[in-house]
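Structural overview for review
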Amino acid sequence: MTSVHLGINLNTGSSEDFLLVTQAQIDEQIEFERAAIKQGLKKLRDQTLRVEQKEYASASIYGVASIDSLLPLVTKRIEETNSRIHERKNGAAFKEINQYLADVEPLAAAAIACKIIFDKVFSYKEESNQIVNVCDSIGQAVEAECQLRHYETKAPGLLNVLKKNYWHRSCGTQQKITIIKTLMNRYDVEPWTAWGRANRVKLGGWLLDCVMLSSGWFEKLMMQEGRKRRTYVVPTPEFLDIKDSVMANAELFAPLAWPMLIPPNDWSNEQPGGYLLNEVMRGHEMVRRGNPTCIQGGIPVTFLNTVQRVPYTLNRFVVEVAETLGDRGISIGKFVPIIEMPLPPKPFDIADNRESRLDYRRRAAEAMNVNADAFRRSCRTRMTMEAVTRFKERDCFYIPWSFDYRGRAYPIPAFLTPQDTDFGKSLLKFHNEAFITPESEDWLAFQVATTYGLDKEPIHNRLAWVKENQNLITAVATDPLEYISLWEGADEPWQFLAACDEYYHCIVSCDRNYTNLPIATDATCSGLQILAGLARDKSTASLVNVLPGEKPADAYQVIADVARPSCPARWREHIDRKVTKRTVMTVPYNAKPFSNRGYIREALKDKDLEVDTDDLTVIVKAVRDAMDEVVPGPMAVMKWIESEVAKAIDRGVSEITWKTPSGFSVTQKLNKKEVESIELQVLGRCRMTVATGDSDKVDKKHHKNATAPNLIHSLDASLLHLSATRFNAPIALIHDSVLCRATDMSILSTVVRETYMYLFAEHDYLLDFAQQIGAETDPPIIGDLEPESVIESTYFFC
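Residues numbered from 1 in each chain as written. Predicted model: local features only at pLDDT ≥ 70, side-chain atom pairs only at ≥ 80, totals over all residues. Heavy atoms only, no water.

Details of the sheet that holds strand 13 (residues 519–522)
Applied cut-off: At least two DSSP bridges between two strands are needed for those strands to be called paired. For helices the rule is a DSSP run of H or I covering at least 4 residues; for strands it is a run of E covering at least 2, with both sets numbered from the N terminus onward. To define axes, lines are fitted to C-alpha atoms, for helices over the stretch in contact only, and angles between the resulting N-to-C directions are given on a 0 to 180 degree scale. In this analysis, two residues are considered to be in contact whenever any of their non-hydrogen atoms come within 4.5 Å of each other.
Read across the sheet, 3 strands follow the order 13-19-18 without closing on themselves; strand pairing throughout is antiparallel. Since the sheet does not close on itself, it has two edges, and those belong to strand 13 and strand 18 (732–734), each with one partner. The average undirected angle you get between the axes of adjacent strands in this sheet is 25°. Across the sheet, helix 29 (residues 745–760) is in contact with strand 13 and strand 19 (737–740); its angle to strand 19 comes to roughly 150°.

This is the structure in C-alpha cells:
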C-alpha cells in the first residue's frame, strides 16, 4: 500500500513569492512519484533482462551481490586444493589441472569461474548452460587471462600500446583478445601455445565443481532429449530464493529520483523530508552515511529546507540549442549525443569470396565498435535530455536536497540540478525573476567572462573583456548554431552560451527587464582559506584572498616560484602555477606525495613533457617543501590534527565527533575492512571483501588522513549554512561555491564575508575542536590574522 507523508511549507524560499499548494497539485506530485516508482522498477528489470540476454548476468544486481559473497568461499577451496597438490595428496586429474593454474592466483581463478558460471547459467541463449559449454567457457576465460599475462611478460610496452589503441574500441571480451593476439603475431612476439579444448573443459569442470561444492547454489541436471541425454548446470532452489530476495531488496530502492513539481517536504530530526511517498524516500536520509541517532541543530535543518524550496525552470534557449545539436549529432563539451555510424554495405560476392567476406566483417566490426563506444559516452547526455523532455512543459520544479555526514548539501536527483556538468547546469534558471539594476549588469558581465575562461583575471579585466567583445556575445546569443566556433572553445561552453543569451537580452538589446540566470562565485582555494582562519595565519590568508588586494592573489604561482630553485635545473622553466595547482589544492585535503606525483606528471604531460621518476621525486618534494614555507599555518594545523587523532584512537576512541559552528553534528566512523584486490588482464579489477572478526576494528590510518579534510568540508559547509539562512532570495550551492541572481550577488557576497568573519574572528574554533576531540596539546595558532578584514576583500568569493 502506498504511504504518504506531508510536511509542505508554503514558503518557496523567497519573501517575494509564496506558493499555495493545492490538493490537485499534491495529487499530481503523488502520481508523478508513482510514475517514478514504475519507471525505476521497469528500468531495473529491463537492465537485468538485457544483461542476461547478452550473457552478462554477472553484472546484474543479483550477480554482483552473489559473486561478492561467494568469492571468499571459492578462493579458500582453490587454496586448499593447491595445498593438497603440493603435499601430493591429490589424484591424477589435479596434477594436470595444476599446470594451467600455476600462473593464476586463487582469487583470479575464483573470480573468472564465478563470472562465467553466472553469465552462462542465467543466459537466454539456447544450450548456453549445457555443462560442456560452461566448462569450456571457464577454461577459455582462464586461458585468455594467462595468454595476456604471457604477452605482458614478453612485450609489456607493446601490450600497453595495443590496449590504449584498441581495447576500448572493441565491443566484446573475445574481440579484444582476438585483436591483441592478431597484432602480437604481426609483431613476431613469442606465440602462445594453445591449451586445446579437452584441457580447457577439464580445467573448467574442476573450477565448476569448486563453485558448486563451495556454495550449494548450482547443480548438474541430466535431461533426456530424444535419444540423447544432456547435462545442464542449473541454479538450486536455495539460490533462486536468494536471487529473489536480492532483487526484492533492489526493487525497494529502484524508484527514480526526479525533481519535484511542488516544494519538497521539510526535513526535521523527527520527520523525513523530500518526496511525498515513503516508497520513493527509502534510502534517502537527511544525513547520508551519518549517525541516525544524531540530533542536528536548527540552523542546518533550516538551511536544508531553505535551499530545497527554491523553484527552478528550464532555460528554453539552451534547451532549443541542445535539441538541434542532438538532431545533428554535434558534440560540444559535456554534451555528447549519439552519433550512429552506418554499417558498410555488403559486397555482392560476400557469399562466394572469402577475402571479401573477411574484409566486410572487419569493417562491420569497426562500425559496431564505434557505435557501442558512442552509446556509452552519450549515456549522461541521453539521460539529461530525457529529464528535459519530462520537465520542458512545466512552469517550475523543485529539487530535494540532503546532507552528507560532514554537512555538505547534495541534490537527491541526479539530473537538472546545480551540481550537474557544465551542460546540465546551463539548463537551469531560477523560476523567480528579479528586475535588472545597474549593479546586476556587472554581475552578468562577470558570469560571461568567467565562464569564457577569465576566472583568474581581476574583475575589472573581466568587465573590460565583455565590453570589448559585444559583437561576439551578440553573435552567440542571436545565432548560436551559425557561430558555434565562437563558444564551443570556452572553458564552460554551455554556461557561457546561457550567459551570453542573458547578457544580450538584458544589457545589449534591452528587450528583457528581468533576470533569473544563476551567477556563480567560488571560494579561492577554500581548503587553505579555512585553514588560514583556523590558524589565524595572515601570510596564508593574503595568498587566498581572505585579505583585500587590488587583484586576485595566486597561491599556486607563489608556491611555484618558491619551489622552482629546488627543482632540477632542466625543469625550472616549466614549473608554473599549472604544474603546482592540483597539488596545492589537494594537500589541505591530505593528498600524499604519491597522488602529487600523478598531478605534476599530468600537468607536465599537458606541456608535451615526459618527466623521469627521479626528477619527479625531486619536484614533488620541492613543491611540498615550498608549501611548508609559504603556508606554514595550514601545514602545522594539519600535522597537529593527525597527531591528536592518532592519540585519540590509541586512547580507545572508536569514532571522531565534532559539532560545527552552525550546529551540525559530524560523526566520523571509519573501520577497517579486510579487502584483497587483484588486477585481471581481461576482466579488470577484482576486489574480495572477507568478513573477519577484525571488521569492527578502528582504522587509525584512515582517521588520521581523513579528519583534516573532513573538518575543512564541515566548516565550508557551516559557512554556507549560516550564510544561506541569512539570505532572503533564491540560492543554490556547489560545495564551496554559491549561486544566485545577478541582482542579489552583492548582498550574498557581503553575507558570506560577514559569516567568515563571525567564524574565525569572533571565535577561536580550533580551540573548540581541540576540546571536542580531547586533544592533549594546544593547537598551533599563529594569531597574526584579523579575519574581519575579509569584509573588504573583493576576491574572497569570485
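What about the nonpolar core?
Heads up, the condition is: Residues belong to a common nonpolar core when they are buried Ala, Val, Leu, Ile, Met, Phe, Trp, Tyr or Cys residues joined through side-chain atoms within 4.5 Å. Three labels apply to residues, based on accessible area from a 1.4 Å probe with only protein chains included: buried if under 20% of the type maximum, exposed if over 50%, partly exposed otherwise in between.
Core analysis: the biggest nonpolar cluster contains 207 residues, and Val142, Phe218, Trp487 and Trp494 have the highest contact counts within it. Per element, the largest residue contribution to this core is 12 residues, and it comes from helix 4 (residues 106–121). Not counting chain neighbours up to four residues away, the residues in contact with tryptophan 494 comprise Val318, Val321, Ala322, Leu325, Ile332, Phe335, Asp422, Phe423, Ser426 and Trp487. Residues Leu148, Leu159, Leu162 and Leu183 belong to the second largest nonpolar core, which totals 9 residues.

So, a negative patch on the surface
Cut-off, in case you're wondering: Patches in this entry comprise residues that are over 30% relatively accessible and not in a salt bridge; like charges within 9 Å are linked, as are nonpolar side chains (Val, Leu, Ile, Met, Phe, Trp, Tyr) within 5 Å. Each accessible area is a Shrake-Rupley result for a 1.4 Å probe, and residues are judged covered by the shown protein chains and nothing else. The working definition used for a salt bridge is a side-chain nitrogen of Lys or Arg within 4 Å of a carboxyl oxygen of Asp or Glu. Asp and Glu are treated as the negative residues and Lys and Arg as the positive ones, with His and the ends of the chain left uncounted. Every charge is mapped onto a representative atom, which is NZ of Lys, CZ of Arg, CG of Asp or CD of Glu.
The grouping of Glu219, Glu238, Asp241 and Asp244 at the surface amounts to a negative patch. A total of 3 residues in the negative patch trace back to one element, the largest contributor, which is helix 9 (residues 237–252). Tracing the chain through its elements places aspartate 244 in helix 9.

Observations regarding helix 23 (residues 555–563)
Just so we agree on the cut-off: An arc is given here, and it is the one of the directions from the helix axis to the C-beta atoms.
If you check which residues of helix 23 are buried, you get Ala555, Tyr556, Ile559, Ala560 and Ala563. Along the long axis of helix 23, the arc covered by the buried residues comes to 135°, so they all point the same way. Packed against the buried residues of helix 23 are helix 22 (538–543), helix 24 (577–586) and helix 26 (613–630).

Regarding the sheet that holds strand 9 (residues 409–411)
An order of 5-8-9 is seen for the 3 strands of this open sheet, with the pairing classed as mixed. Both outer strands of the open sheet, strand 5 (287–288) and strand 9, are each paired with one neighbouring strand and no more. Across the sheet, helix 11 (residues 298–307) touches strand 8 (401–404) and strand 9, and the angle it forms with strand 8 is around 140°.

Some points on unusual backbone geometry
Within the chain, glutamate 127 stands out as a residue other than glycine whose phi angle is a positive 65°. Summarising the element assignment, glutamate 127 is placed in the loop between helix 4 and helix 5 (131–154). Looking at glutamate 127, the relative accessible area reads 32%, which means it is partly exposed. In this model, arginine 536 sits at a positive phi of 50°, which is unusual for a non-glycine residue. Relative to the helices and strands, arginine 536 is located in the loop between helix 21 (526–535) and helix 22.

Looking at helix 9
The test is simple: In a helix, the anticipated span is given by 1.5 Å times the number of residues less one.
Counted at 1.5 Å a residue, the expected span for helix 9 with its 16 residues is 22 Å, and the 23 Å between its end C-alpha atoms agrees. Every buried residue belonging to helix 9 is among Phe239, Lys243, Val246, Met247 and Ala250, and all of these are buried. Down the axis of helix 9, the buried set is contained in an arc of 95°. They therefore lie on one face. In helix 9, the exposed residues that point more than 90 degrees away from the buried face are Pro237, Glu238 and Asp241.

So, the pattern of salt bridges
Applying the stated rule across the entire model yields 37 salt bridges. Note that aspartate 764 and arginine 536 form a salt bridge whose closest N and O atoms lie 3.3 Å from each other. Pair noted here: aspartate 764 is in the loop between helix 29 and helix 30 (765–772) and arginine 536 is in the loop between helix 21 and helix 22, with a separation of 228 residues, a long-range link. For the salt bridge of arginine 651 with glutamate 776, the shortest nitrogen-to-oxygen distance reads 2.8 Å. Placement of the pair is arginine 651 in the loop between helix 27 (632–650) and strand 14 (656–659) and glutamate 776 in the segment after helix 30, with a sequence separation of 125 residues. For arginine 651, a relative accessible area of 41% puts it in the partly exposed group. Residue classification places glutamate 776 among the partly exposed positions, given a relative accessible area of 48%. Each of the salt bridges in this network shares a partner with another, and the network as a whole consists of Asp136, Glu143, Arg197 and Arg200.

Spatial relationships are all this shows, so hold off on functional conclusions.
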